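Fold and contact review
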Amino acid sequence: SFPYSVNNTDIYINKVRAVEAWFDDWKERFYQADPSARAFRGKEGDLSERRALQQKLQCKPFEWYVQKFRKTFEMKNMLPVKTFLLEEHRETSGLCLAA
């Protein structure tokens, strides 16, 4: 237990703020994994400072980090292995997927 009170609403708003600012195309995966967080979308406040920081620092997209640390994510079970299966199939087959 914490020696101080924890406000779950603030925790969710902070999570959503981070996801909305940094997760790019991975946002939906987060919300699928934590559906309760959806209720806090729109409450994260103004993200313009974070977006400006991303541009100033020339941050890479979140997908770049996922690929760079892929082995760690898989080893720690942070991302399901199937996340990477379609990509590997595309790379080995030379084919693109279509809807």
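See the structure shown above.
A closer look at the overall build of the chain
- The secondary structure content of the chain amounts to six helices and zero strands.
- In the chain, the succession of α and β elements from N to C terminus is α-α-α-α-α-α.
- Considering the chain as a whole, with its 99 residues, one finds that 24% of them fall into the buried category.
- Counting contacts in the chain only where the partners sit at least 6 residues apart, residues at least 24 apart contribute 51% of the total.

So, the packing of aromatic side chains
- Counted by the stated rule, this structure contains six aromatic pairs.
- Taking 5.1 Å as the distance between ring centres and 5 degrees as the angle between the ring planes, the aromatic pair formed by Tyr 12 and Phe 40 counts as stacked. Of this pair, Tyr 12 sits in helix H1 (residues 8–22) while Phe 40 sits in the loop between helix H2 (27–33) and helix H3 (48–57), and the two are 28 residues apart along the sequence. When sorted by exposure, Tyr 12 lands in the same class as Phe 40, which is buried.
- Judged by centre distance (6.2 Å) and plane angle (70 degrees), the ring pair of Trp 26 and Phe 62 falls under edge-to-face. Here Phe 62 lies in helix H4 (residues 62–68) and Trp 26 lies in the loop between H1 and H2, a separation of 36 residues in the sequence. The two residues Trp 26 and Phe 62 agree in class, both being buried.
- Taken together, Phe 23, Trp 26, Phe 30, Tyr 31 and Phe 62 form an aromatic cluster joined through their ring pairs.
- Positioned over the ring face of Tyr 12 is Lys 15, at 4.8 Å from the centre of the ring.

Brief notes about the layout of surface pockets
- Counted as a void, the largest pocket has a volume near 270 Å³.
- Of all the elements in the fold, those that place two or more residues in the lining of the largest pocket are H2 and H4.
- Considering every element that reaches the lining of the largest pocket, the biggest residue donor is H2, with four residues.
- For the lining of the largest pocket, a count of residues per class yields 10 nonpolar, one polar and one charged.

Regarding the pattern of salt bridges
- Scanning all chains against the criterion turns up five salt bridges.
- For Asp 34, the salt bridge is made with Lys 15, and the minimal N-O distance between the two is 3.3 Å. Taken together, the residues span a long stretch of sequence, with Asp 34 in the loop between H2 and H3 and Lys 15 in helix H1 at a distance of 19 residues.
- Three or more residues are tied together by salt bridges with common partners; here these are Glu 20, Lys 27 and Arg 41.

Cut-off values and rules
Residues numbered from 1 in each chain as written. Predicted model: local features only at pLDDT ≥ 70, side-chain atom pairs only at ≥ 80, totals over all residues. Heavy atoms only, no water. Helix = DSSP H or I, 4+ residues; strand = E, 2+ residues; numbered from the N terminus. Buried < 20%, exposed > 50% of the residue type's maximum accessible area, 1.4 Å probe, protein only. Contact = heavy atoms within 4.5 Å. Phe/Tyr/Trp six-rings, centres within 6.5 Å; stacked < 30°, edge-to-face > 60°. Lys NZ or Arg CZ within 6 Å of the ring centre and 35° of its normal. 1 Å grid on protein atoms, 1.4 Å probe; cavity = no way out; pocket = protein on both sides within 12 Å on 5 of 7 lines; lining within 4 Å. Points joined across faces, edges and corners; volume = space filled by probe spheres on them. Nonpolar A, V, L, I, M, F, W, Y, C, P; charged D, E, K, R; others polar. Salt bridge = Lys/Arg side-chain N within 4 Å of Asp/Glu carboxyl O.

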